[in-house]
Amino acid sequence: MNKIVSLILILMLAVAATAAVKKKRFDVGGGDAPAATEASVETVAPETAAESAVVPEKPAEKTRSIYTVIAEEQKVLREKLTAAISAMKSGDWDAIWKFLAICLVYGMLHALGPGHGKSIVVGYFIARRGRWRQGVALGAGITVTHTMSAVLLLLILYAIFKATVFSAFETGRIGIERASYALIMLTGVLLVVLAIRDVFKSHKGCGCDAQINAAAGTAAESKLPPIARWREILGVAAVTGIVPCPAVALIVLFCLLNSMVALSLLGALVICIGMTITNVAFGIAAVAFRKGIDKGSAHTHIATKIYTVATLAGGVIIFASGLLLFMNQFAGRV
Amino acid sequence: MRRRLAYFLLIFAGLAVMAEAHPHVFADVSIKAVFSQDAFTGVQNHWSFDEVYSAAMFASADADGDGKITGKEIDEVKRLVLDPLQQTGYFNYVTVDSKFLPVRKIEGFSASMKNGKLVLDFKVVFSIPATSDYTMLVIVISDQTNYIQMTTDMENADVDAPDGLDVEFFPDEVRGLTLFRAFRSDTEGLFLRFKK
């Protein structure tokens, strides 16, 4: 009997001791506090009595940012992708259609992320007048370079390092990434310089050309700045897209490690198509945007100024994108 | 003309909002706040990476090709995966008195493969002495470069504290906290206070 009483007392003491750790809301105070901490204090849940504990009431429904939603979707797709590859490895080749479909959607979602050239495409076609096919070409050019540089770099390194390739790939990627972001900033600066040069030119000519043209009734087309050059578009595509995509490299490597060489290349190609769809959409939208500016402003007397501001804005967007991408590499250091 | 311009601006605003997602690696994370008799001593981390990244890292580390991570291979995993994260405090952000605490070191590192996933366990060491008044801290595990998408299960975060300490904690978003302004708005943290 005494033993039982002692045991109960020990158990009670143990519960009392562990109750010092509580899952409990408290006021963190000050204007710095997160909104949810204003919720009332909840029930205490002793750590050692999980089954009998009352779980603290959850705060109001948490909102997920678009970033999180897209990122989580990519995570799910990656899991499905590995499952499809495993199925094919074990002989179920019907899974190839699933694999290709996932690659396509994964590519489309993945390209929504920063560092895939969308802001460059947008900035460029705000700065420069472009044709529809140029919008498609720049969007596609960046993506094809981005994915194919990853495949090429990985295959070369794989031939040298075999299975230990990925750390070498990462070292190479980080170096290329920094150089690319610096060149993107330089592209932005060049566009800004062009805009400033236009300002000086128009001051020199006191803007008379435009006025004369307008008076002569030949305003619209003659006032418009020249169309973007293909040489420029190829240059921007190369500078922006040269950063090899680690996501593509990882999936290619995963297939190679599972002895599926052809599948790795097919997967990379379909991811590339998916990413191209996203980037081309941005290219077309950017060309449409610039065409809208041109159409809307062509008959105004400040058309030349609007074109200069557009070039300036495009240059600034491209420079800022390069700067942000460059700085992001050092984010989180405290 | 204005309507057309507004229409185009609307499209671009929409696209700009969508243009935020960039993870290449995915990790599920769970943590435990660890206390000694008289101090907060660190955060026990449990990371489980996605299969694609795990396969790449495992292939790099498994020198003897036996399909397991053993002996020196564990150090190699640490060198490949964790050492590059030293400058960002292994993505462990702990604030106290409106400043981030510096990470002292990591200890108890172990690596293994479970169901095709690379699993890391390690403790990130901090040091905050307990006093008779409450000390409040916030713990966040996040990669601000967005290279690794870290899904941290803060709802099930745990605390390991001795009897002599009074510890209270709850998970919540860090939205509104000055020090975490650079973090995504829906980043979750563990709010914790303790005293002797």
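Scoring rules and cut-offs
- Residues numbered from 1 in each chain as written.
- Chains lettered and ligands numbered in written order.
- Predicted model: local features only at pLDDT ≥ 70, side-chain atom pairs only at ≥ 80, totals over all residues.
- Helix = DSSP H or I, 4+ residues; strand = E, 2+ residues; numbered from the N terminus.
- Buried ≥ 20, exposed ≤ 12 C-beta atoms within 10 Å, placed from the backbone.
- Contact = placed C-beta atoms within 7 Å.
- Pairing = 2+ DSSP bridges.
- Core = buried A, V, L, I, M, F, W, Y, C linked by C-beta atoms within 7 Å.
- Expected span 1.5 Å × (residues − 1).
- Arc of directions from axis to C-beta.
- pLDDT = per-residue confidence, 0-100.
- Axes fitted to C-alpha atoms, helices over the stretch in contact; angles between N-to-C directions.
- Parallel < 35°, antiparallel > 145°, perpendicular 65-115°, else oblique.
- Left-handed = near helix turned anticlockwise from the far one by under 90°.

Observations concerning the overall build of chain B
And then number 1: Counting its secondary structure elements, chain B contains 3 helices and 11 strands.
And then number 2: Listing the helices and strands of chain B from first to last along the sequence gives α-β-β-α-α-β-β-β-β-β-β-β-β-β.
And then number 3: Within chain B, the proportion of its 196 residues that are buried is 42%.
And then number 4: Taking the intrachain contacts of chain B between residues at least 6 apart in sequence as the baseline, contacts between residues at least 24 apart amount to 65%.

Considering the overall build of chain A
And then number 1: Scanning chain A from terminus to terminus reveals 12 helices and 1 strand.
And then number 2: Ordered by position from N to C terminus, the α and β elements of chain A give α-β-α-α-α-α-α-α-α-α-α-α-α.
And then number 3: Classification of the 334 residues of chain A by burial places 37% in the buried group.
And then number 4: Long-range pairs, those at least 24 residues apart, make up 79% of the contacts in chain A between residues at least 6 apart in sequence.

Thoughts on the environment of Gly-175 of chain A
And then number 1: Tracing the backbone shows Gly-175 of chain A in helix α6 (residues 165-204).
And then number 2: Residue class for Gly-175 of chain A comes out exposed when judged on the 10 C-beta atoms lying within 10 Å of it.

Examining the pairing of strand β11 (residues 188-195) of chain B
All names here are of chain B.
And then number 1: In terms of burial, β11 is a largely internal element, 6 of the 8 residues being buried.
And then number 2: With 5 bridges joining them, strand β7 (residues 135-141) and β11 adopt antiparallel strand pairing. By the bridge assignment, Met-136 is partnered in β11 with Arg-193.

A short note on the nonpolar core
And then number 1: Counting residues in each nonpolar core, the largest one holds 93 residues, and the members touching the most others are Leu-154, Val-248, Ile-251, Val-252 and Leu-253 of chain A together with Ile-139 of chain B.
And then number 2: Here Ile-139 of chain B is in contact with Ile-31, Ala-33, Val-43, Val-94, Gly-189, Leu-190 and Leu-192 of chain B, once residues within four sequence places are set aside.
And then number 3: In this structure, Ala-285, Ile-293, Ala-303 and Ile-318 of chain A belong to the second largest nonpolar core, which totals 30 residues.

What to know about helix α3 (residues 95-110) of chain A
Because an α-helix completes one turn every 3.6 residues, residues spaced three or four positions apart along the sequence face the same direction.
Residues and elements named next belong to chain A.
And then number 1: With 16 residues, α3 ought to run about 22 Å at 1.5 Å a step, and its terminal C-alpha atoms sit 22 Å apart, in line with that.
And then number 2: Looking only at α3, the buried set comprises Phe-99, Ile-102, Cys-103, Tyr-106, Gly-107 and His-110. The buried residues of α3 occupy an angular sector of 135° when projected down its axis, which confines them to one face.
And then number 3: Looking at the buried side of α3, the elements it contacts are α2 (66-89), α10 (246-257) and α11 (261-297).

Some thoughts on the confidence of the model for chain A
All names here are of chain A.
And then number 1: Across chain A, the average pLDDT comes to 80, with 77% of residues at or above 70.
And then number 2: Taking the mean pLDDT of every element in chain A, the minimum, 46, falls on helix α7 (residues 208-215) and the maximum, 96, on α3.
And then number 3: Low confidence marks residues 31-56, where pLDDT is under 50. Its contacts with residues over four positions away, or in another chain, come to 55 contacts.
And then number 4: Ignoring residues within four places in sequence, the model shows residues 206-217, a span with pLDDT below 50, making 11 contacts including any to other chains.

Points about unusual backbone geometry
And then number 1: Positive phi, normally seen in glycine, also occurs at Lys-162 of chain A, with a value near 55°.
And then number 2: Judged by C-beta crowding, with 12 C-beta atoms within 10 Å, Lys-162 of chain A ranks as exposed.
And then number 3: Phi is positive for Phe-91 of chain B, close to 60°, though the residue is something other than glycine.
And then number 4: Tracing the backbone shows Phe-91 of chain B in the loop between α3 (72-82) and β3 (92-96).

Let's talk about the sheet that holds strand β10 (residues 166-173) of chain B
And then number 1: Taken together, 6 strands build an open sheet; the order of strands is β1(A)-β10(B)-β11(B)-β7(B)-β3(B)-β4(B) and the sheet is mixed. In the strand order of this sheet, the two ends are held by β1 (21-23) of chain A together with β4 (99-100) of chain B, each with one partner.

Some words on helix α2 (residues 51-61) of chain B
And then number 1: In terms of burial, α2 of chain B is a largely internal element, 10 of the 11 residues being buried.
And then number 2: Buried residues of α2 of chain B: Glu-51, Val-52, Tyr-53, Ser-54, Ala-55, Ala-56, Met-57, Phe-58, Ser-60 and Ala-61 of chain B, and no others.

Quick word on the environment of Ala-303 of chain A
All names here are of chain A.
And then number 1: With respect to the helices and strands, Ala-303 occurs in helix α12 (residues 303-328).
And then number 2: With 23 C-beta atoms counted inside 10 Å, the residue Ala-303 sits in the buried group.
And then number 3: Note: C-alpha distance between Ala-303 and Lys-22 (281 residues apart in sequence) is 67 Å.

Digging into the packing of helix α4 (residues 118-127) of chain A against α11 of chain A
Residues and elements named next belong to chain A.
And then number 1: At a minimum axis separation of 8 Å, α4 and α11 run at an interaxial angle of 20°. One finds that α4 runs roughly parallel with respect to α11. The two elements α4 and α11 cross, and the hand of that crossing is right-handed. Contact with α4, carried on its side by Lys-118, Val-121, Val-122, Phe-125 and Ile-126, involves Asn-279, Phe-282, Gly-283, Ala-286, Val-287, Phe-289 and Arg-290 of α11 and no other residues of that element.

Looking at the environment of Asp-163 of chain B
And then number 1: Tracing the backbone shows Asp-163 of chain B in the loop between β9 (158-160) and β10.
And then number 2: Linking Asp-163 of chain B and His-46 of chain B, residues 117 residues apart in sequence, is a C-alpha distance of 24 Å.

Brief notes about the pairing of β3 of chain B
Moving residue by residue along a regular strand, the side chains alternate between the two faces of the sheet.
Residue and element names in this part refer to chain B.
And then number 1: Counted residue by residue, β3 has 4 buried out of 5 residues, so it is predominantly covered.
And then number 2: The pairing of β3 with β4 spans 2 bridges and is classified as antiparallel. Residue pairing across strands places Thr-95 opposite Phe-100, the latter belonging to β4.

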